[in-house]
Amino acid sequence: MAEKYYDPLSDMGRIKETLMSLFCDTEDITKLIMPELDNPNFTWEQNWYGGTFDTTPLIGHCFDIPYLKGMITDNRCAIFIETNLIRVGNQHLKEVGVDICVICHKDSVGLSPEEKAYYNSIGIYGNRVDCAIQAINSSILHHQMMDTIKEKYSIGVMNLIEENPMKQYTDESEFYGKCLSYTYQTFYQRKNNVK
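All of the points below concern the structure found in this document. (Residues numbered from 1 in each chain as written. Predicted model: local features only at pLDDT ≥ 70, side-chain atom pairs only at ≥ 80, totals over all residues. Heavy atoms only, no water.)

Another aspect to go through is the overall build of the protein. A tally of regular secondary structure across the protein gives six helices and ten strands. Out of the 195 residues in the protein, the part that is buried amounts to 43%. (Helix = DSSP H or I, 4+ residues; strand = E, 2+ residues; numbered from the N terminus. Buried < 20%, exposed > 50% of the residue type's maximum accessible area, 1.4 Å probe, protein only.)

We now examine the packing of aromatic side chains. Within the structure shown, the criterion is met by three aromatic pairs. Aromatic side chains Phe42 and Phe53 sit 5.8 Å apart centroid to centroid with 45° between the ring planes, which places their arrangement in the tilted category. Placement of the pair is Phe42 in the loop between α2 (27-33) and α3 (44-49) and Phe53 in strand β2 (residues 51-53), with a sequence separation of eleven residues. Ring centres 5.2 Å apart and planes at 20° place the aromatic pair Phe63 and Phe80 in the stacked group. A residue pair is termed long-range when its members are at least 10 positions apart, and Phe63 in strand β4 (residues 62-63) and Phe80 in strand β5 (residues 77-90) qualify at 17 residues. (Phe/Tyr/Trp six-rings, centres within 6.5 Å; stacked < 30°, edge-to-face > 60°.)

In this section: the environment of Tyr125. When you line up the elements, Tyr125 lands in the loop between α4 (113-121) and α5 (128-141). In this structure Tyr125 comes out as partly exposed when scored by relative accessible area, which is 46%. With ten residues separating them in the primary sequence, Tyr125 and Ala135 have C-alpha atoms 10.0 Å apart. Non-local contacts of Tyr125, meaning those with residues more than four positions away in its chain, are made with Asn120, Asp130, Cys131 and Gln134. Polar contacts involving the side chain of Tyr125 include one to the main-chain carbonyl oxygen of Asn120, which spans 3.5 Å. (Contact = heavy atoms within 4.5 Å. Polar contact = N/O pair within 3.5 Å; in protein donor to acceptor, adjacent residues only side chain to side chain.)

On to the side chain of Lys178. Looking at the element boundaries, Lys178 is found in strand β9 (residues 175-187). Engagement of the side chain of Lys178 in a polar contact is seen with the side chain of Asp130, the distance being 2.6 Å.

To continue, consider a nonpolar patch on the surface. Taken together, the side chains of Leu9, Leu85 and Val88 present a nonpolar region at the surface, about 220 Å² in accessible area. Within the secondary structure, Val88 sits in strand β5. (Patch = residues over 30% accessible without salt bridge, like charges linked within 9 Å, V, L, I, M, F, W, Y side chains within 5 Å. Areas by Shrake-Rupley, 256 points an atom, 1.4 Å probe, with all protein chains shown as cover. Salt bridge = Lys/Arg side-chain N within 4 Å of Asp/Glu carboxyl O.)

A few words now on the pattern of salt bridges. A full pass over the atoms with the stated rule returns seven salt bridges. Notably, a salt bridge pairs Lys16 with Glu82, separated by 3.0 Å at the nearest N-O pair. Linking Lys16 in helix α1 (residues 10-24) with Glu82 in strand β5, this pair joins segments that are 66 residues apart in sequence. Each of the two residues, Lys16 as well as Glu82, counts as buried. The salt bridge partner of Glu95 is Arg87, with a shortest N-O separation of 2.4 Å. When salt bridges that share partners are traced, they join Asp38, Asp74 and Arg76 into one network.

Here the focus is the pairing of strand β6 (residues 93-105). Most of β6 is tucked away, with eleven of its 13 residues classed as buried. Hairpin connection between β5 and β6: a loop of two residues separates the two successive antiparallel strands. Sheet topology places β6 next to β9; 13 bridges connect them, and they run antiparallel. Following the sheet pairing, Val96 is matched in β9 by Tyr184. (Pairing = 2+ DSSP bridges.)

What follows covers the layout of surface pockets. A volume near 210 Å³ is recorded for the largest pocket. If you go around the largest pocket, you meet 14 residues; those closest to its centre are Pro35, Asn75, Arg76, Cys77 and Ser108. Looking at the lining of the largest pocket residue by residue, the class counts come to five nonpolar, three polar and six charged. (1 Å grid on protein atoms, 1.4 Å probe; cavity = no way out; pocket = protein on both sides within 12 Å on 5 of 7 lines; lining within 4 Å. Points joined across faces, edges and corners; volume = space filled by probe spheres on them. Nonpolar A, V, L, I, M, F, W, Y, C, P; charged D, E, K, R; others polar.)

Keep in mind these values describe shape, not function.
And the structure:
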C-alpha cells in the first residue's frame, strides 16, 4: 500500500472552483453580473469564465484571483474569489477565509426598471452590486448547497466573519463594489493511505 500525501491546502483552490460553478448555475446571479453574452458564438460557461477559445479571447465575469486591474477593460461587472489560510490552531484543524467581491463599472451599477421590479419581487433590493451580493449570500447560505459543499470538501459551515463581514471596494475610480468575507474550519489532514 503506497502512501499518498494530501496537501492540506488543496481545498482552498477547489472551494473557489465550486463557488464559481455555483454562481454560474444561479440565474439570479448571472443575470446581474452578465446580463447578456459578450460573444454569442460561445457558450454561457465560456462567456462566464473567459479564456481563449479558437484563438478568440473572452474576458469573462468570474475569476479565482483577487485583483481587478487589467482583468476588466470595459464596462462590465465581475465576481472575484480568493481564499486565505487564517489560522492553524493545531496540527489537526485549520481555519480558511473566503473573500467574494462583486465589482461593477460605474456605468453598469444601475438596474433597469424591469430588473429592479424583478429583484424587488423576490426580496432583493438596491443597485446591481447590492443585489448581486444578496443573491450570492443567499446561494451560499442555502441549506442544500452548503450541505453539498461541506460533504464534498469535509469542511465546516461557511459563515460570514464576525467583524466587518462586508466591505466596500474603492480601489479603482471607474469601479464600485462590495466584498463579503466568510470563514470555515476543516481538518488539517497530513496524509491518506491509498491502495
